[in-house]
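Below are the chains, spelled out letter by letter.
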Amino acid sequence: AQSVTQLGSHVSVSEGALVLLRCNYSSSVPPYLFWYVQYPNQGLQLLLKYTSAATLVKGINGFEAEFKKSETSFHLTKPSAHMSDAAEYFCAVTLVTGTASKLTFGTGTRLQVTL
Amino acid sequence: DAGVTQSPTHLIKTRGQQVTLRCSPISGHKSVSWYQQVLGQGPQFIFQYYEKEERGRGNFPDRFSARQFPNYSSELNVNALLLGDSALYLCASSLSGPAFFGQGTRLTVV
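Everything numeric in this text was worked out from a predicted model, so none of it was measured. (Residues numbered from 1 in each chain as written. Chains lettered and ligands numbered in written order. Predicted model: local features only at pLDDT ≥ 70, side-chain atom pairs only at ≥ 80, totals over all residues. Heavy atoms only, no water.)

### Here we look at the state of the cysteines
Residue and element names in this part refer to chain A. Rules: Any two cysteine sulfur atoms lying within 2.5 Å of each other are counted as a disulfide. Secondary structure elements are taken from DSSP: a helix is a run of H or I of four residues or more, a strand is a run of E of two residues or more, and numbering for both begins at the N terminus. Whether a residue is buried, partly exposed or exposed follows from its accessible area with a 1.4 Å probe, protein chains only, as a fraction of its type maximum: under 20%, in between, or over 50%, in that order.
Using the criterion set out here, one finds two disulfides over all chains in the structure. In this model, Cys23 is linked to Cys91 through a disulfide, with the two sulfur atoms separated by 2.0 Å. Between Cys23 and Cys91, the S-S dihedral sits near -60°, and the bridge is therefore left-handed. Of the two residues, Cys23 is situated in the loop between strand E3 (19–21) and strand E4 (24–26) and Cys91 in strand E10 (residues 87–94); the sequence distance between them amounts to 68 residues. Here Cys91 falls in the buried class, since its relative accessible area comes to 0%.

### Things to note about the environment of Tyr50(B)
Tracing the sequence through the fold places Tyr50(B) in strand E5 (residues 44–50). By relative accessible area, which is 18% here, Tyr50(B) ends up buried.

### Regarding the nonpolar core
Quick reminder of the rule: By nonpolar core we mean a set of buried residues, namely Ala, Val, Leu, Ile, Met, Phe, Trp, Tyr and Cys, connected to one another through side-chain atoms within 4.5 Å. Note on definitions: a residue-residue contact is assigned when non-hydrogen atoms from the two residues lie within 4.5 Å.
Grouped together as the largest cluster of nonpolar side chains are 26 residues, with contacts concentrated most on Trp35(A), Leu48(A), Phe74(A), Leu76(A) and Tyr89(A). Mapped by element, the contributors of at least two residues to this core are strand E2 (10–14), E3, strand E5 (32–38), strand E6 (44–50), strand E8 (64–68), strand E9 (73–78), E10 and strand E12 (109–114) of chain A. No other element matches E10(A), which puts four residues into this core. Excluding its chain neighbours within four sequence positions, the residues that come into contact with Tyr89(A) are Gln6(A), Leu21(A), Trp35(A), Tyr36(A), Val37(A), Leu47(A), Phe63(A), Leu76(A), Gly108(A), Thr109(A) and Leu111(A). Counting 22 residues, the second-largest nonpolar core is a separate cluster that includes Ile26(B), Ile46(B), Tyr49(B) and Cys91(B).

### Focus: the packing of aromatic side chains
All names here are of chain A. Just so we agree on the cut-off: Aromatic contacts are taken between Phe, Tyr and Trp rings whose centres are within 6.5 Å, Trp giving its six-membered ring; a plane angle under 30 degrees counts as stacked, one over 60 as edge-to-face, and the others as tilted.
In the structure shown here, the tally under the stated rule is 14 aromatic pairs over all chains. With 6.2 Å between their ring centres and 50° between their planes, Tyr50 and Phe74 make a pair best called tilted. One end of the pair, Tyr50, is in strand E6; the other, Phe74, is in strand E9, and 24 residues separate them in sequence. We note that Tyr50, like Phe74, is buried.

### Focus on the interface of chain B and chain A
Rule in force here: Reported buried area values correspond to the accessible surface (1.4 Å probe) lost by two parts on association, with both partners' losses combined. By convention in these notes, a salt bridge is any Lys or Arg side-chain nitrogen within 4 Å of a carboxyl oxygen on Asp or Glu. Polar contacts, as counted here, are pairs of nitrogen or oxygen atoms within 3.5 Å of one another; within protein the pair requires one atom able to donate a hydrogen and one able to accept it, and residues that are adjacent in sequence qualify only if both atoms are side-chain atoms. The residue classification treats Ala, Val, Leu, Ile, Met, Phe, Trp, Tyr, Cys and Pro as nonpolar and Asp, Glu, Lys and Arg as charged. All others, Gly included, are polar.
Across the contact, 24 residues belong to chain B and 20 residues belong to chain A. Together chain B and chain A conceal approximately 1600 Å² of surface at their shared face, both sides included; 55% is due to carbon and sulfur atoms. Joining chain B to chain A, the criterion identifies zero salt bridges. Across the chain B-chain A interface, the total number found is four residue pairs in polar contact (both at pLDDT 80 or more). Of all elements in the fold, only strand E4 (31–37), E5, strand E9 (87–94) and strand E10 (100–101) of chain B reach the threshold of two or more residues within the side of chain B that touches chain A. Counted by class, the side of chain B that touches chain A contains 11 nonpolar, 11 polar and two charged residues.

### Notes on the pattern of salt bridges
A full pass over the atoms with the stated rule returns eight salt bridges over all chains. The partner of Arg110(A) in a salt bridge is Glu88(A), and the shortest N-O contact between them spans 2.8 Å. Pair noted here: Arg110(A) is in strand E12 and Glu88(A) is in strand E10, with a separation of 22 residues, a long-range link. For Arg110(A), a relative accessible area of 41% gives the class partly exposed. A network of salt bridges, in which partner residues are shared, links Arg22(B), Arg67(B) and Glu75(B).

As structure tokens, this is what we get:
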């Protein structure tokens, strides 16, 4: 069975500072990994995905993540935080993408951006 | 193109009642999945349907059921509601890639 662990339920950064949200996965086979963002009272929006192509994945809104097999990690980064980045971020894993894509989510990291 | 649409957006039910939630996938998407998100937690997988067949079921009691229609829309039914069923219910659709989520239905059981 696959799982993800998100370290840090709350992360606070200053506007303009580096954003680093941590995600470690556990999977017996090469996984597909995703980051989703959730704004208050809304659904989930896909930020980026890793599907065994390039290990450095670029997503929307300036976010990127790097798949590191040796560290079983898929951390999300953004060079410069903006106030609009304040939201809940979820890392998710699945073993098969597409028609059998049951996603297993982490517990989420709430990002706060301060002036 | 319209994204994944869910209805209703909010509803309040009494313990013991039954509820039906609806989901329309992105046009062309044949797979629909349902997730339950309790406040403060990540979404939990409930069901997945593809071409009207159940392809996966999460660890939820038999009070939860779902179906998919020929136009690929889907319904999630929950019987004998409990207070603990209060949550945001998310529907996601996919074709051959990642899942795209709707805005969710906020269910409150009182």
